[in-house]
Amino acid sequence: MALYEELFEKLFDEKPNEKLATEESAEAVRNRLKRRAREFLGNKEQADVVRNRLKRAAEEFDRHHANVFAINMCLHAASSIILSNPENLKGTLQDIQKIDVLKDKDPTTVLTVSVLYYLVKNDWDSDEAASEQSYRDQLQTLRSGFDAINWLIGDQAMNALGLIKSPPRMPVTGAIVQQQQQIGQQ
Amino acid sequence: MPFKHTIEVANPSPYQRSDFVEIDDLNELKVPPAPDDKNLRLVRKWPGGSTEPVAFQIDYPFGIKAGYRTLTFFSRDTPPGDPDYNYPTAKFSLDEGPAPDFRNTGNPSVLNIEHYSAPNVQQPSWNPKVDVRGVKLFNGPEGLQVYFSLVPRPEQWSPCNYSGAATSILHQRAARMTGAGEVLAPFEDSPQKRWGQLTRLDFYPLPWERRWYQEESMLGQGGYEPRYTLAWSSTGPMRATVTLRSEPIQVSYGGGPFFKPPEKNLTCHLYRIISMYPGREFYTEQLIVRPEVEGPDATRRMSLAFRAHYSSYLGYPDVEHQVARSEDIPDYFAVWKSFATQHRGLAFASDSHVRNLQVTSSEIRWRLQLGHEYRCVHHFPFHCYPDGPLALFHEVGHTAWYERLLKPLQALPLTRYELP
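Every value quoted in this text rests on a predicted model; they were computed, and no experiment measured them. (Residues numbered from 1 in each chain as written. Chains lettered and ligands numbered in written order. Predicted model: local features only at pLDDT ≥ 70, side-chain atom pairs only at ≥ 80, totals over all residues.)

### Details of the confidence of the model for chain B
Reading fine detail from the predicted coordinates is not recommended where pLDDT is low.
Point 1. Overall, the prediction assigns chain B a mean pLDDT of 91, with 94% of residues at 70 or greater.
Point 2. At the level of chain-chain contacts, confidence expressed as ipTM amounts to 0.88, with global pTM at 0.92. (pLDDT = per-residue confidence, 0-100.)

### Focus: the domain arrangement of chain B
Interfaces are often sized by the amount of accessible area the parts lose when they come together.
Residue and element names in this part refer to chain B.
Point 1. Domain boundaries in chain B define domain 1 (4-100) and domain 2 (111-412).
Point 2. Computed over C-alpha atoms, the centres of domain 1 and domain 2 are 26 Å apart.
Point 3. With 30 residues of domain 1 at the contact, the number on the domain 2 side is 22 residues.
Point 4. Split by residue class, the side of domain 1 that touches domain 2 holds 17 nonpolar, eight polar and five charged. (Domains from an automatic or database assignment. Contact = placed C-beta atoms within 7 Å. Nonpolar A, V, L, I, M, F, W, Y, C, P; charged D, E, K, R; others polar.)

### So, the nonpolar core
Point 1. Among the nonpolar cores identified, the biggest contains 122 residues, and Leu54(A) and Cys74(A) are the most heavily contacted of them.
Point 2. Here this core takes eleven residues from helix H4 (residues 67-84) of chain A, the largest share from any one element.
Point 3. Not counting chain neighbours up to four residues away, the residues in contact with Cys74(A) comprise Leu54(A), Ala57(A), Leu116(A) and Leu142(A).
Point 4. Listed in part, the 19 residues of the second largest apolar core include Ile7(B), Val21(B), Leu94(B) and Leu409(B). (Core = buried A, V, L, I, M, F, W, Y, C linked by C-beta atoms within 7 Å. Buried ≥ 20, exposed ≤ 12 C-beta atoms within 10 Å, placed from the backbone. Helix = DSSP H or I, 4+ residues; strand = E, 2+ residues; numbered from the N terminus.)

### A word on the environment of Gln140(A)
Point 1. Along the polypeptide, Gln140(A) turns up in helix H7 (residues 133-148).
Point 2. Through-space distance from the C-alpha of Gln140(A) to that of Asp104(A) is 29 Å; in sequence the pair is 36 residues apart.

### Here we look at the interface of chain A and chain B
Point 1. Listed as interface residues are 18 residues of chain A and, on the opposing side, 17 residues of chain B.
Point 2. Take the side of chain A that touches chain B: its biggest share by element is eleven residues, from H4(A).

### A word on the packing of helix H2 (residues 26-42) of chain A against helix H3 (residues 44-62) of chain A
Residues and elements named next belong to chain A.
Point 1. Running from amino to carboxyl end, H2 crosses H3 at an angle of 75 degrees, the nearest separation of the two axes being 6 Å. The angle between H2 and H3 falls in the class roughly perpendicular. In this structure, H2 uses Phe40, Leu41 and Gly42 to contact H3, whose residues at the interface are Gln46, Ala47 and Val50.
Point 2. Partitioned by chemical class, the residues of the contact of H2 with H3 number four nonpolar, two polar and no charged. (Axes fitted to C-alpha atoms, helices over the stretch in contact; angles between N-to-C directions. Parallel < 35°, antiparallel > 145°, perpendicular 65-115°, else oblique.)

### A look at the confidence of the model for chain A
Residue and element names in this part refer to chain A.
Point 1. Of the residues in chain A, 82% have a pLDDT of 70 or more, and the chain-wide mean is 82.
Point 2. Element-level mean pLDDT values for chain A span from 46 in helix H9 (residues 174-185) up to 95 in helix H8 (residues 155-161).
Point 3. For residues 174-186, every residue scores under 50 in pLDDT, and the model assigns this stretch two contacts once sequence neighbours within four places are set aside.

### Re the environment of Arg404(B)
Residues and elements named next belong to chain B.
Point 1. Note that Arg404 resides in helix H3 (residues 394-406).
Point 2. Among the residues examined, Arg404 registers 23 C-beta atoms within 10 Å and is labelled buried.
Point 3. Here the alpha-carbon distance between Arg404 and Asp351, two residues 53 residues apart in the chain, equals 9.4 Å.
Point 4. Excluding anything up to four places from it in sequence, Arg404 contacts Thr284 and Val377.

### Description of the sheet that holds strand E3 (residues 40-45) of chain B
Residues and elements named next belong to chain B.
Point 1. Read from one edge of the open sheet, five strands run E4-E3-E7-E1-E28, paired in antiparallel fashion. Of all strands in the sheet, those with a lone pairing partner are strand E4 (51-54) and strand E28 (410-412), marking the two edges. Each adjacent strand pair in this sheet contributes to an overall mean axis angle of 35 degrees, direction not counted.
Point 2. As judged from the six bridges shared by strand E1 (residues 4-10) and strand E7 (residues 90-96), these two strands associate in the antiparallel manner. Within the sheet, the bridge partner assigned to Glu8 lies in E7 and is Lys91. (Pairing = 2+ DSSP bridges.)

### Focus: the pairing of strand E21 (residues 321-326) of chain B
Point 1. Relative to strand E22 (residues 329-339) of chain B, E21(B) runs antiparallel, the two sharing six bridges. Pairing of Val323(B) across the sheet is with Val335(B), part of E22(B).

### Some words on helix H6 (residues 107-121) of chain A
Point 1. Helix length check: H6(A), at 15 residues, gives a terminal C-alpha distance of 21 Å against a target of 21 Å (1.5 Å per residue), a fit within 8%.
Point 2. The element H6(A) is extensively covered by neighbouring structure, given that 14 of its 15 residues are classed as buried. (Expected span 1.5 Å × (residues − 1).)

### Overview of the sheet that holds strand E5 (residues 56-59) of chain B
Residues and elements named next belong to chain B.
Point 1. Ordered in space as E2-E6-E5, the three strands form an open sheet in which the pairing is antiparallel. Single-partner strands in this sheet number two, and they are strand E2 (17-23) and E5. Taking the axes of each pair of neighbouring strands and ignoring which way they run, one obtains an average angle of 20 degrees across the sheet.
Point 2. Relative to strand E6 (residues 70-78), E5 runs antiparallel, the two being bridged by four bridges. Looking at the pairing, Asp59 lines up with Thr70 of E6.

So, in structure tokens, the structure goes:
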């Protein structure tokens, strides 16, 4: 499990200090938190809000010189999710500060990009609207936009969190196809 | 007989400035009451002899009957001068004559006031005969939209007393950048959110009186909740401005044995003159308590000394906040709420010391030191990616306090602190 996922799910830990007392296994804790995170985002109303905000941000990316707007909209969307469920916000931020590679980064930014990455990866959304190609393209646009600025935290921190840059999109042109075919023949 | 008055403007900063100049009362500059203010013109006299007509605005902040005329104009490219206002660096002349029409020169189109007589019932122009229960001021796509409630409970189910508070502050730039522009509750709406509500005034007795100071609640007592009325509303080329007038406040002073009569009871009103200038991310507020005076003294600028207590309630999740306040200059503060490179500031500056500042995750309370005519700036700075490191003090200290309150561009002679 990548660290970004772990951090996101930790947010939903309503009793972070009682784990040892109840002797809940690490596996059980993870499952419990994963379930709670999915339940939170599985709420249709909530999911629609998140999807619409990501769509709007992606539209901004497509507008001339509007990347800054889109980046800030995405950050605000992810922050809103974090702050609407702050059961273990302080604990999660403290955990981030304990990680060597991340301790000189702003923990709220680290957590926010982790949540944002989780959102744009789109594994959480089982709604039909989330599987539409146009929406998937929009999410890809957002990913590429954040890849270009190393998710605001730099390569090292990205590696620590498990944030992977998406492969660049191939333009559909004859030249590329021909080139690929040549590579295939070799 | 036609008059011609020269207005000299001093820039107290060591750098060139372009900013608004306010003359509190044209009478102080011996400008005779004109039969029609529309028949005045203001001209910038540039060094070398060229002239340029300048837009201006005249307001009657206490109502037309009170006689005060406040002149506001913009002094562009004002050369640097002396920090003590010893000499002017820009000249204007005000005289009678047909003024150019500045209505379509940009600023008026961004300044606007809506007058609400009921929720969702609004009129763009002010009709003094209509009971206005709220006003919304706009200062353009780079500024703010602020709604002030004049009544305690706009709706029957209103959860708290909103009297005189800004109940919504839309920050246009933040809205564009993040999709969330409500300064008071940017993450999730909060019905209790409000900013800059005056909760109490304190009036001090005369030095020889052996009694405690008088506390006057602006939120009411015993189930009665006072409200404000609109004393003035105007949108011109320079600013959108409204004056909120409180209900009568009774203040008594014991003059005896030194003065007659030994007991003087005054009926007073608090006036809050609130203004917004094009594209600025703040609104200004002047606080004055004036006694009701009849007869020949009715137009004299009399005011009582008081202390003002402010309260604000924010609908923020429990995010870390930073308070920028320096005891060396206790005239301003900024509370910053930051999360993931987005920094939202709630700042206040005054020409009086700010005392007893209390900041919690959802409330900010403060009071002003005893004084007469307070001038305040309520400022809402905002920073986000890719802005550099956050300077906690800069905007409130420089833009709000230094340039608007401590060292504004001023017309000479200085009349601002003249004794009545």
